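Take a look at the letters that make up each chain.
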Amino acid sequence: MDNREVKFILSAYRPAGQDASDPRFAEALDQARHDPILQLWFEESVAFDAAMAQKLCGMAVPDDLRENILIGVKVGCGSGWTKRFGKWAIAAAFILVAAVGSLIWHDTRPAHLTGWQSAALEVISSLVRNESSFDAQSRSSGDLVGWLRANHAPAAGKLPDSLKNLESIGCKKFSWNGVSVSVICFTRSDGGLIHLVAMKAVGKQGKGGAHLVQRGGWATATWRDGDMIYMLALEGSPDQLRSYLL
Amino acid sequence: MRAPDFQQLVDRQYGPLFRFALSLSKSEAEAADLTQETFFLWAAKGHQLRDRSKAKSWLFTTLYREFLGRRRREVRFPQIELNEMREDEMAILPNVNALDGALVLEALGEVEEPFRAPLTLFYLEQFSYQEIAEVLDVPVGTVMSRLSRGKAQLRQRLISKEQIAGNKIVRFGSEQVKESHG
């Protein structure tokens, strides 16, 4: 075994010494012990690995992550922890994490979007970039809502007042983890676009204030109304979005 | 799984899982989402795992698969052979202690993804090469190869950052000490 092979094998040797008795390392370790230069390399390599491990373990974790995991799973689980989840329960957990998150998170904290929200933004982005096409197109949002209902997709029972007078472009339905989601795209008065995402909520009826998140170039506002969850999204600032929430 | 057990599992693993996800995705938002999704999947499917001592490995494996699934692309794992390793790549060790944690993370993020995943598991949770092979579902030899190659890439990135930061580079073997001119 030449020195290059020894170094190759010892690259997998853990710095805390857990592998000392692993026969796969025995020959390489023995060779290092009898070669001062190799031994020096090995000691420095272990020190490097230990320092790397220490640095990486010091990486900050979002303050609210633990709470969101526990709340999301607990609520999604229903009354019993032994209940076995299905996809719907997982989806419910995500929805509730989003809803609970609106109570926990503040506008000034690092913004997190949950899975369905990120998925919705991906769909919207692909529509905006003409990488995918609308399922139905109409300048009348009423027509689009009707089309969505006829096709068993979630649709707003009542459009927010701020969107009623805007001209729509089209709508699309998609599935996220087995849950049906829809999006309607509108043209804003300044020529930009604004998108309303709708999804059926699971659990009790509820109503809550909008939770604003800025992510990349996107501003989003998410709220719950009855048995639906809505997300309004535009490429711009939260201030631009706020004017549609009033 | 009882609520207290689940909470204990979350308490033990949500930090390492998030850090692993962050090293893969390089996005805090996506890392948080991947971590949450992993625990939701545990809540849904974890009962199927008979050997509870494998819970940690299950969580890391699931998170990694979720990450790959999201990428929706075929990840090509380069076959790095031993003879492709240049010894000088393994001979230079940067002074990690002198570097800011964010810079270290940045350097890790610049390592190619097939190497970054085993490296992160190796450093974060001190997974053995066999455990890494299980999590990533690759042969043991491939893990060793990726660790070796990944460390070489990581060192190069760290040295670049050291030079920018104006720190010392220590070259082993020749025992030279250079002062950078950054």
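As the structure is a computational prediction, the values presented were derived from the model and not from experiment.

## Concerning the packing of aromatic side chains
So, point 1. Under the criterion given, the structure shown has 10 aromatic pairs over all chains.
So, point 2. Note on Phe6(B) and Phe39(B): the rings are 6.1 Å apart at their centroids and 80° apart in plane angle, and the pair reads as edge-to-face. Remark: Phe39(B) occurs in helix α2 (residues 28-45) and Phe6(B) occurs in helix α1 (residues 3-25); sequence separation between them is 33 residues.
So, point 3. For Phe6(B), a relative accessible area of 2% gives the class buried.
So, point 4. An aromatic cluster is built from Tyr13(A), Phe25(A), Phe42(A) and Tyr129(B), whose rings are joined through pairwise contacts.
So, point 5. We note Lys56(B) situated over the ring of Phe127(B); from NZ or CZ to the ring centre the distance is 4.9 Å.
So, point 6. Directly above the aromatic system of Phe48(A) lies the positively charged group of Arg155(B), at a separation of 5.4 Å from the ring centroid.

## Comments concerning the nonpolar core
The nonpolar side chains of a soluble globular protein tend to be buried with one another.
So, point 1. Leu10(A) and Leu154(B) are the most contacted members of the largest nonpolar core, which has 73 residues in total.
So, point 2. Per-element tally for this core: the top contributor is α1(B), with 10 residues.
So, point 3. Residue-level mapping places this core at the junction of two domains, with at least three residues from each of domain 1 (3-57) and domain 2 (65-105) of chain A.
So, point 4. If sequence neighbours within four positions are ignored, Leu154(B) has contacts with Phe48(A), Met52(A), Ala107(B), Leu108(B), Val111(B), Leu119(B) and Tyr123(B).

## Quick word on the pairing of strand β3 (residues 179-187) of chain A
Residues and elements named next belong to chain A.
So, point 1. Burial within β3 is extensive, with 7 of its 9 residues counted as buried.
So, point 2. Bridge count for strand β2 (residues 167-176) against β3 is 9 bridges, and the pairing is antiparallel. Each residue of the ladder has a partner; that of serine 175, found in β3, is serine 180.
So, point 3. Turn length for the β3-strand β4 (residues 193-200) hairpin, with the two strands adjacent in sequence and antiparallel, is 5 residues, and the turn residue glycine 191 shows positive phi of about 95°.

## Considerations on the pattern of salt bridges
All names here are of chain B.
So, point 1. Per the stated rule, a full pass over the model turns up 12 salt bridges over all chains.
So, point 2. Residues glutamate 125 and lysine 56 are paired through a salt bridge, measuring 3.2 Å at the closest nitrogen-oxygen approach. Of this pair, glutamate 125 sits in the loop between α5 (113-124) and α6 (129-136) while lysine 56 sits in helix α3 (residues 55-71); the two residues are 69 residues apart in sequence, bridging distant segments of the chain.

## Overview of the confidence of the model for chain B
Residue and element names in this part refer to chain B.
So, point 1. Confidence along chain B averages 76 in pLDDT terms, with 75% of residues attaining 70 or more.
So, point 2. Element-level pLDDT for chain B is lowest in strand β3 (residues 176-179), with a mean of 39, against a maximum mean of 91 in α6.
So, point 3. Taken as a whole, residues 73-90 scores under 50 in pLDDT and shows 36 contacts with residues more than four places along the chain or in a different chain.
So, point 4. Taken together, the stretch residues 167-182 has pLDDT below 50 and engages in 30 contacts with residues farther than four places along the chain or on a different chain.
So, point 5. This prediction of the complex comes with two scores: 0.53 for pTM and 0.72 for ipTM.

## Concerning the environment of Pro118(B)
Residues and elements named next belong to chain B.
So, point 1. One can find proline 118 in helix α5.
So, point 2. When the C-alpha positions of proline 118 and serine 128 are compared, they lie 9.9 Å apart, and in sequence the two are 10 residues distant.
So, point 3. Among residues more than four places away in sequence, those in contact with proline 118 are Ile132, Leu136, Arg146 and Leu147.

Rules behind the numbers
- Residues numbered from 1 in each chain as written.
- Chains lettered and ligands numbered in written order.
- Predicted model: local features only at pLDDT ≥ 70, side-chain atom pairs only at ≥ 80, totals over all residues.
- Heavy atoms only, no water.
- Phe/Tyr/Trp six-rings, centres within 6.5 Å; stacked < 30°, edge-to-face > 60°.
- Helix = DSSP H or I, 4+ residues; strand = E, 2+ residues; numbered from the N terminus.
- Buried < 20%, exposed > 50% of the residue type's maximum accessible area, 1.4 Å probe, protein only.
- Lys NZ or Arg CZ within 6 Å of the ring centre and 35° of its normal.
- Core = buried A, V, L, I, M, F, W, Y, C linked by side-chain atoms within 4.5 Å.
- Domains from an automatic or database assignment.
- Contact = heavy atoms within 4.5 Å.
- Pairing = 2+ DSSP bridges.
- Salt bridge = Lys/Arg side-chain N within 4 Å of Asp/Glu carboxyl O.
- pLDDT = per-residue confidence, 0-100.

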